[in-house]
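Survey of secondary and tertiary structure
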Amino acid sequence: DAKTTQPPSMDCAEGRAANLPCNHSTISGNEYVYWYRQIHSQGPQYIIHGLKNNETNEMASLIITEDRKSSTLILPHATLRDTAVYYCIVRVRGSQGNLIFGKGTKLSVKP
Amino acid sequence: GAGVSQSPSNKVTEKGKDVELRCDPISGHTALYWYRQSLGQGLEFLIYFQGNSAPDKSGLPSDRFSAERTGGSVSTLTIQRTQQEDSAVYLCASSRGLLAGYTDTQYFGPGTRLTVL
């Protein structure tokens, strides 16, 4: 699976959009981009995934650049409960087995 | 529907004792994973079960660690002769596995916090 790079930390004001970047410059054509988050003292929570088209669900939007070398997770109206570590993971389509978590981005939503 | 559940939520034990941690996956999920997370650290893979296949034990840190999955559902992670460095949060996840097709999303339980005194 391709390696990802994320900033170690970010701040966001409550009610504003949180935009979390992820670089995956070595991604190959059959690899998906997944996002998980881990709120303090909880297990990781699946957020969203995509291949090349932008995706949106009830939690977030995922914007993948045309060359697929980077992506951005968007939380449109961040709340204090969105404070968490956010992990960007690249994974081959159809692959099984364990996820490889990096260090992620610690998002702090401030009032 | 019900998510992944784990028990106990907290376990305090003395060095040298054996412990068993339990995971109930989401109904119908054929794949089950164990990870651990030491304080301030990332998630470390331990073991992966897929259906009736032999498990992938490549992440187990020592032979004191073992896991079983009975009837393709509930799993138990056993740590024998616990050491202080075993203190961590042990997380279980499940997924649809080979039934998932192109993408296989893992869903995590709340974890068991193990403290070895």
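Residues numbered from 1 in each chain as written. Chains lettered and ligands numbered in written order. Predicted model: local features only at pLDDT ≥ 70, side-chain atom pairs only at ≥ 80, totals over all residues. Heavy atoms only, no water.

1. Notes on the overall build of chain B
Cut-off, in case you're wondering: Think of it this way: any DSSP run of H or I at least four residues long counts as a helix, any run of E at least two long counts as a strand, and we number them from the N terminus. Atoms counted for the radius of gyration: C-alpha only. Globule rule: 2.2 Å times residue count to the power 0.38. To sort residues, take the accessible area from a 1.4 Å probe on protein chains only and compare it with the maximum for the residue type: under 20% means buried, over 50% means exposed, and anything in between is partly exposed. Any two residues having at least one pair of non-hydrogen atoms within 4.5 Å are treated as being in contact. Areas reported as accessible are Shrake-Rupley estimates using a 1.4 Å probe. Residue values count occlusion only from the protein chains shown. Note that His is not counted, nor are the chain ends; the positive residues are Lys and Arg, and the negative ones are Asp and Glu. Charge coordinates come from a single atom per side chain, which is NZ of Lys, CZ of Arg, CG of Asp or CD of Glu.
The secondary structure content of chain B amounts to 0 helices and 10 strands. The order of helices and strands in chain B, counted from the N terminus, is β-β-β-β-β-β-β-β-β-β. Taken over C-alpha atoms, the radius of gyration comes to 14 Å for chain B, in line with the 13 Å a tight globule of 117 residues would show. Taken over the C-alpha atoms alone, chain B extends approximately 45 × 25 × 25 Å along its principal axes. The 117 residues of chain B split such that 48% are buried. Expressed as a percentage of contacts within chain B between residues at least 6 apart in sequence, the contacts between residues at least 24 apart total 57%. A total of about 5,800 Å² of accessible surface is found on chain B, and carbon and sulfur atoms cover 46% of it. Here chain B carries 11 positive and 11 negative side-chain charges, and the mean point of each set is 2 Å from the other.

2. So, the pattern of salt bridges
To be explicit about the condition: Each salt bridge in this description consists of a side-chain nitrogen of Lys or Arg and a carboxyl oxygen of Asp or Glu lying within 4 Å of one another.
Inspection of every chain in the model, using the stated rule, returns 4 salt bridges over all chains. A salt bridge links Asp-82 of chain A to Arg-37 of chain A, with the shortest nitrogen-to-oxygen separation between them at 2.8 Å. Of the two residues, Asp-82 of chain A is situated in the loop between β7 (70-75) and β8 (84-92) and Arg-37 of chain A in strand β3 (residues 31-38); the sequence distance between them amounts to 45 residues. Looking at Asp-82 of chain A, the relative accessible area reads 13%, which means it is buried. Taking the relative accessible area as the measure of exposure, Arg-37 of chain A reaches 10% and is therefore buried. The closest approach of N and O atoms between Asp-24 of chain B and Arg-22 of chain B, which form a salt bridge, is 2.8 Å. For Arg-22 of chain B, a relative accessible area of 38% gives the class partly exposed.

3. Brief notes about the sheet that holds strand β5 (residues 55-56) of chain A
Residue and element names in this part refer to chain A. Using the following cut-off: We treat two strands as partners when DSSP finds at least two bridges between them.
In space, the 4 strands of this open sheet follow the order β2-β7-β6-β5, with antiparallel pairing throughout. The sheet is open, and its two edges are formed by β2 (18-23) and β5, each paired on a single side. Both β5 and strand β6 (residues 61-64) contribute to a ladder of 2 bridges, which runs antiparallel. Among the inter-strand pairings, Thr-56 is bridged to a residue of β6, identified as Ser-61.

4. Some details on the packing of aromatic side chains
How two aromatic rings sit relative to each other is given by the distance of their centres and the angle of their planes. Just so we agree on the cut-off: When two rings of Phe, Tyr or Trp (its six-membered ring) have centres within 6.5 Å they constitute a pair, described as stacked for plane angles under 30 degrees, edge-to-face for angles over 60, and tilted for the intermediate range.
Counted by the stated rule, this structure contains 12 aromatic pairs over all chains. Between Tyr-87 of chain A and Phe-101 of chain A, the aromatic rings sit 5.1 Å apart at their centres with planes inclined by 85°, giving edge-to-face as the arrangement. Taken together, the residues Tyr-87 of chain A in strand β8 and Phe-101 of chain A in the loop between β8 and β9 (105-110) connect sequence positions 14 residues apart. Of the two residues, Tyr-87 of chain A and Phe-101 of chain A, both sit in the buried class. Note on Phe-101 of chain A and Tyr-35 of chain B: the rings are 6.2 Å apart at their centroids and 85° apart in plane angle, and the pair reads as edge-to-face. Of the two residues, Phe-101 of chain A sits in the loop between β8 and β9 while Tyr-35 of chain B sits in strand β4 (residues 31-37), which places them in two different chains. Look at Tyr-35 of chain B and you get buried, because its relative accessible area is 0%. Three or more aromatic residues joined by ring pairs make a cluster, and in this case those are Tyr-34, Tyr-36, Tyr-46, Tyr-87 and Phe-101 of chain A together with Tyr-33, Tyr-35, Phe-45, Tyr-48, Tyr-107 and Phe-108 of chain B.

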